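What the coordinates show
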Amino acid sequence: MGPHKTMEYHSDLENVDEDGYTRLDFTSQGITRRPVVSTKGAQAASPPWRLIAVTLGILCLVTLVIAVVLGVLGIFSSLCPPKWIIHEKSCYLFSMSLESWQRSKIRCSQLGSNLLKIDSSKELDFIKSQVSSHPDHSFWIGLSRRQSEELWHWEDGSTFSSNLFQIRSTAIQENLPHNCGWIHVSSIYDQDCYVPSYSICEKLSK
Ligand code: MG
């Protein structure tokens, strides 16, 4: 090991001294050992561990199924907000605060709904059944007209047709405008829009 050999190895390995050969052997052994150890670890999965893994997997699956079922049940039970009554595809709120037709309309729109629109005889029967339990009160619905000579229309702008029911007149004098509709027990009447009354809001269920 003369000074000439030391110079040769200096170009490849920075910290090589006269014991350079011994160091290289240790490094190469370390590299070859490590993969052997890790391969052994992966192959040595014992049956108890597999059983635990499978059991945990089944538990996860069961939990997932339960969560999905509860989620679906939750969605069906909350098709309408609290205090709203569901019927067919709509949610109805029977408001027990006394307000004018205009104020009732605003209140419904603040709740993401409109004053009631009666589209079918089924809906009319449902509303009658609900309203008849309050014989001392009337409920504003989404019927109005601009002037006594004009046609009645619903809140969505559609014109009222008398196929399902008639609007009974309560105006005693012609000069008193009764341009808003309400339901009392089982009949719909025209009424002075400023009379404070209960009201019915309707919106589509989820
Ligand atoms: Mg309707």
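My aim in this report is to walk through the structure given alongside it, one point at a time. The structure displayed is predicted, hence computed values, not measured ones. (Residues numbered from 1 in each chain as written. Predicted model: local features only at pLDDT ≥ 70, side-chain atom pairs only at ≥ 80, totals over all residues. Heavy atoms only, no water.)

**As for the nonpolar core**
In this structure, I127, I141, L143, F165, I188 and I200 are the most contacted members of the largest nonpolar core, which totals 20 residues. Breaking this core down by element, the ones donating at least two residues are β2 (90-99), α5 (121-131), β4 (139-144) and β8 (197-204). Of the residues forming this core, the biggest block, four residues, is contributed by α5. In this structure, W101, L115, W182 and C201 belong to the second largest nonpolar core, which totals 13 residues. (Core = buried A, V, L, I, M, F, W, Y, C linked by side-chain atoms within 4.5 Å. Buried < 20%, exposed > 50% of the residue type's maximum accessible area, 1.4 Å probe, protein only. Helix = DSSP H or I, 4+ residues; strand = E, 2+ residues; numbered from the N terminus.)

**Structural notes on the coordination of the magnesium ion**
Bound to the magnesium ion are the protein donor atoms K117 (O), D119 (OD), E123 (OE), E123 (OE), E202 (OE) and E202 (OE), situated 2.1 to 2.7 Å from the metal. Metal-centred angles of 52 to 142 degrees between the six donor atoms at the magnesium ion mark the site as irregular. Mapped onto the sequence, the residues coordinating the magnesium ion show the spacing K-x1-D-x3-E-x78-E. Residue classification places E123 among the buried positions, given a relative accessible area of 5%. (Donors = N, O, S within 2.8 Å, 3.2 Å for Na, K, Ca; no water. Tetrahedral: all angles 85-135°; square planar, octahedral: opposite > 155°, others 65-115°.)

**As for the pattern of salt bridges**
Taken as a whole and judged by the stated rule, the model has seven salt bridges. The shortest N-O distance in the salt bridge between R146 and E150 comes to 3.6 Å. Residue classification places R146 among the exposed residues on the basis of a relative accessible area of 63%. Members of the salt-bridge network, linked through shared partners, are K117, D119 and D156. (Salt bridge = Lys/Arg side-chain N within 4 Å of Asp/Glu carboxyl O.)

**Considering the packing of aromatic side chains**
Under the definition given, this model contains seven aromatic pairs. Judged by centre distance (6.4 Å) and plane angle (80 degrees), the ring pair of W154 and F165 falls under edge-to-face. You can see W154 sitting in the loop between β4 and β5 (167-168) and its partner F165 sitting in the loop between β4 and β5, a full 11 residues away along the chain. Every member of this aromatic cluster is reached through a ring pair, and the members are F94, F139 and Y198. (Phe/Tyr/Trp six-rings, centres within 6.5 Å; stacked < 30°, edge-to-face > 60°.)

**A word on unusual backbone geometry**
Here K83, not a glycine, exhibits a phi torsion of approximately 80 degrees, which is positive. Within the element layout of this structure, K83 appears in the loop between α3 (47-77) and β1 (85-87). One non-glycine residue with positive phi stands out, namely E88, at about 55 degrees. Within the secondary structure layout, E88 lies in the loop between β1 and β2.

**Side note on the state of the cysteines**
Per the counting criterion, the structure on display carries three disulfides. Across a sulfur-sulfur distance of 2.0 Å, C80 and C91 are joined as a disulfide pair. Its S-S torsion of approximately -85 degrees makes the covalent link between C80 and C91 left-handed. With C80 in the loop between α3 and β1 and C91 in strand β2, the pair connects residues that are 11 residues apart, well separated along the chain. When its relative accessible area of 13% is taken as the criterion, C80 is described as buried. On the basis of relative accessible area, C91 is assigned to the buried category, the value being 1%. Disulfides within the protein link the bonded cysteines, taken in sequence order, as 1-2, 3-6, 4-5. (Disulfide = S-S within 2.5 Å.)

**Topic: α5**
Three or more residues of α5 are buried, namely E123, L124, F126, I127 and V131. Mapping the buried residues of α5 onto a view down its axis gives an arc of 160 degrees, with all of them on the same face. Those residues of α5 that are buried lie in contact with β1, β2, β4, β6 (180-184), β7 (187-191) and β8. (Arc of directions from axis to C-beta. Contact = heavy atoms within 4.5 Å.)

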